[in-house]
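Residues per chain, in single letters:
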Amino acid sequence: MAFLFKFVQTPFVMSDSKNISLEDRFQEKIDNNIQIEPKDWMPEAYRKTLIRQISQHAHSEIVGMLPEGNWISRAPSLRRKVGLMAKVQDEAGHGLYLYGAAETLGAARATMIDDLHSGKAKYSSIFNYPTLTWADIGAIGWLVDGAAIMNQVPLCSCSYGPYARAMVRVCKEESFHQRQGFEIMMSLCNGTPEQKALAQDALNRWWWPSLMMFGPNDSESKHSAQSMKWKIKRFSNDELRQRFVDMSVPQAKILGITIPDPEIKWNEATKQHDFGAIDWEEFWNVVKGNGPCNKQRLKTRNKAHDEGRWVREAATAYAEKRHQRKQNQAKSA
Ligand code: BYC
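Below, the structure is looked at part by part. (Residues numbered from 1 in each chain as written. Predicted model: local features only at pLDDT ≥ 70, side-chain atom pairs only at ≥ 80, totals over all residues. Heavy atoms only, no water.)

## With respect to the site of the ligand
Taken together, 32 residues surround the ligand, and among them Gln56, Lys122, Ser221, His223 and Lys233 come closest. Contact between the ligand and Gln56: an oxygen atom at 2.8 Å from a side-chain N or O atom of the residue. One of the backbone N or O atoms of Met213 is found 3.3 Å from a nitrogen atom in the ligand. In the complex, the protein chains occlude 93% of the 1,100 Å² of accessible area that the ligand would expose alone. Placement of the ligand is best described as lying within the largest pocket. Sort the elements by how many residues they give to the shell around the ligand and helix α2 (residues 44-63) lands first, with 6 residues. Looking at the shell around the ligand residue by residue, the class counts come to 13 nonpolar, 12 polar and 7 charged. (Near = heavy atom within 4 Å. Polar contact = N/O pair within 3.5 Å; in protein donor to acceptor, adjacent residues only side chain to side chain. Areas by Shrake-Rupley, 256 points an atom, 1.4 Å probe, with all protein chains shown as cover. 1 Å grid on protein atoms, 1.4 Å probe; cavity = no way out; pocket = protein on both sides within 12 Å on 5 of 7 lines; lining within 4 Å. Sits in = over half its atoms within 2 Å of the grid points. Helix = DSSP H or I, 4+ residues; strand = E, 2+ residues; numbered from the N terminus. Nonpolar A, V, L, I, M, F, W, Y, C, P; charged D, E, K, R; others polar.)

Here's what the structure looks like:
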């Protein structure tokens, strides 16, 4: 991607003034694109910001499995079922890499998961909308994964090493997801009038929530300024949202369906698309837990966690048994 920044691996000579504070030295590293690693000194607020963002991101991947998992048993062909199953498994993997990255900052996985299950932690607003038809699976791949890539490619060059490295693999997989979603939309749009109408209906329902994924407008984004200074965020919410609109308009044209925004139009002066106002009341309502599926999502996650307890306990007991056996063998050798 053209807008990737590079963090350098080469040795960097820090300011030699003895009076420079740890915080200034840290910022100097960031300004010089030196990646921060788990054992490096970091301000407590940087650590907290990363734990907040990475754990929310992990939760989004895990909850994000639910709307699509709902369609695995109803996929219209074996090929579609295999593709969807692989995609949903990828999301589980992304959640695990991200929980792992948050653990390098001292966050306990059990606490993060408890916070998700109790409703204390946030996850992406997009996963609180229902998947009503098979076309929604196409629209999620095309738009939701498309928005995810737009937001996540810059994270591959964020300042925190373990997060940046996890994102490289996540982005490769997300781009496969985006293509399989677009291909589902393409098949529907080239199908019968009824199939094309399903694709249009899915676009109508997923368009605005996809724009909301990028977060509040820059003027309302309380974390952006500091996160940009720390190079956790490399572009603002509005910049990425605009890139997403500019990418999606020609794609909708290829599909032959209409973005549900009468105000969308090319602006020759700014060389980008103008678009209509986002319903921020709806966004905050969903973020606060009152979207169409928030309660259902948390109920499903809690149930899965409870039902998986015996598996976790058995795995822990087995790991302890193996550890014990190894120790006994070492003693008797
Ligand atoms: N939904 O100051 P701001 C995926 C919250 S996974 C809910 O701009 P920040 C995928 C925000 O947390 C998609 N809440 O925040 C998975 C903050 O509240 P707190 C997830 C949102 O962090 C499976 C408050 O609003 N992607 O793509 O600077 C299948 C103020 O916002 C949302 C990531 O997590 C939202 N949409 O910027 C398919 C990427 N937006 O924490 C696909 C990593 C904002 O103060 N995260 N809020 O209580 C980020 O890039 C940034 O955290 C965000 C928000 C751009 C999302």
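## Considerations on the nonpolar core
Core analysis: the largest hydrophobic core is formed by 81 residues, its most contacted members being Tyr46, Ile54, Trp142, Tyr160, Tyr163, Trp206 and Trp207. Beyond its immediate stretch of four places on either side in the chain, Trp206 contacts Ile126, Tyr129, Pro130, Thr131, Asp136, Ala139, Ile140, Leu143 and Val144. (Core = buried A, V, L, I, M, F, W, Y, C linked by side-chain atoms within 4.5 Å. Buried < 20%, exposed > 50% of the residue type's maximum accessible area, 1.4 Å probe, protein only. Contact = heavy atoms within 4.5 Å.)

## Overview of the environment of Gln226
Residue position: Gln226 is located in helix α9 (residues 224-229). Among the residues examined, Gln226 registers a relative accessible area of 35% and is labelled partly exposed. The sequence separation of Gln226 and Val311 amounts to 85 residues, and the corresponding C-alpha distance is 41 Å.

## Things to note about the packing of aromatic side chains
Taken as a whole, this structure holds 10 aromatic pairs when the rule is applied. With a centroid separation of 5.4 Å and an interplanar angle of 90°, the aromatic rings of Trp280 and Phe283 are classed as edge-to-face. One end of the pair is Trp280 and the other is Phe283, both in helix α11 (residues 280-290) and 3 residues apart, which spans about a single turn. The buried category is assigned to Phe283, whose relative accessible area is 6%. Taken together, Phe26, Trp41, Tyr46 and Trp230 form an aromatic cluster joined through their ring pairs. Against the face of Trp71 rests Arg74, its NZ or CZ located 4.0 Å from the ring centre. (Phe/Tyr/Trp six-rings, centres within 6.5 Å; stacked < 30°, edge-to-face > 60°. Lys NZ or Arg CZ within 6 Å of the ring centre and 35° of its normal.)

## Regarding the layout of surface pockets
Once rolled over the atoms, a probe with the size of a water molecule shows which space is left empty. Size it by volume and the largest pocket reaches roughly 1,100 Å³. Along the walls of the largest pocket sit 45 residues, with Gln56, Ser124, Met213, Phe214 and Gly215 positioned nearest its centre. Where the lining of the largest pocket is concerned, the elements lending two or more residues are α2, α4 (78-103), α6 (135-152), α7 (161-189), α10 (237-255) and α11. Partitioned by chemical class, the residues of the lining of the largest pocket number 19 nonpolar, 14 polar and 12 charged. Quantified by volume, the second largest pocket comes out at close to 390 Å³. Every residue lining the second largest pocket is counted, 17 residues in all, and those nearest its centre are Ile62, Tyr99, Ile113, Arg301 and His305. Where the lining of the second largest pocket is concerned, the elements lending two or more residues are α3 (65-69), α4, α5 (109-118) and α12 (294-307). (Points joined across faces, edges and corners; volume = space filled by probe spheres on them.)

## Examining the side chain of Gln35
Along the chain, Gln35 turns up in the loop between α1 (22-31) and α2. Separated by 3.0 Å, the side chain of Gln35 and the backbone oxygen of Cys158 make a polar contact.

## Let's talk about the pattern of salt bridges
Per the stated rule, a full pass over the model turns up 17 salt bridges. One salt bridge connects Glu268 with Lys271, and the closest N-O pair in it is separated by 2.2 Å. One salt bridge in this structure joins Arg309 and Asp306, with 3.7 Å as the shortest N-O distance. On the basis of relative accessibility, which here comes to 39%, the residue Arg309 falls in the partly exposed class. Taken together, the shared-partner salt bridges in this structure form one network comprising Glu68, Lys87, Glu91 and Asp145. (Salt bridge = Lys/Arg side-chain N within 4 Å of Asp/Glu carboxyl O.)

## Here we look at the packing of α5 against α12
Where α5 contacts α12, the two axes come as close as 9 Å, and the packing angle between them is 135°. The angle between α5 and α12 places the two elements in the oblique class. For the pair α5 and α12, contact is made by Ile113, Leu116 and His117 and by Leu298, Arg301, Asn302 and His305, respectively. Looking at side-chain class alone, the contact of α5 with α12 contains 3 nonpolar, 3 polar and 1 charged residues. (Axes fitted to C-alpha atoms, helices over the stretch in contact; angles between N-to-C directions. Parallel < 35°, antiparallel > 145°, perpendicular 65-115°, else oblique.)

Note that all results are geometric; they support no functional claim without further evidence.
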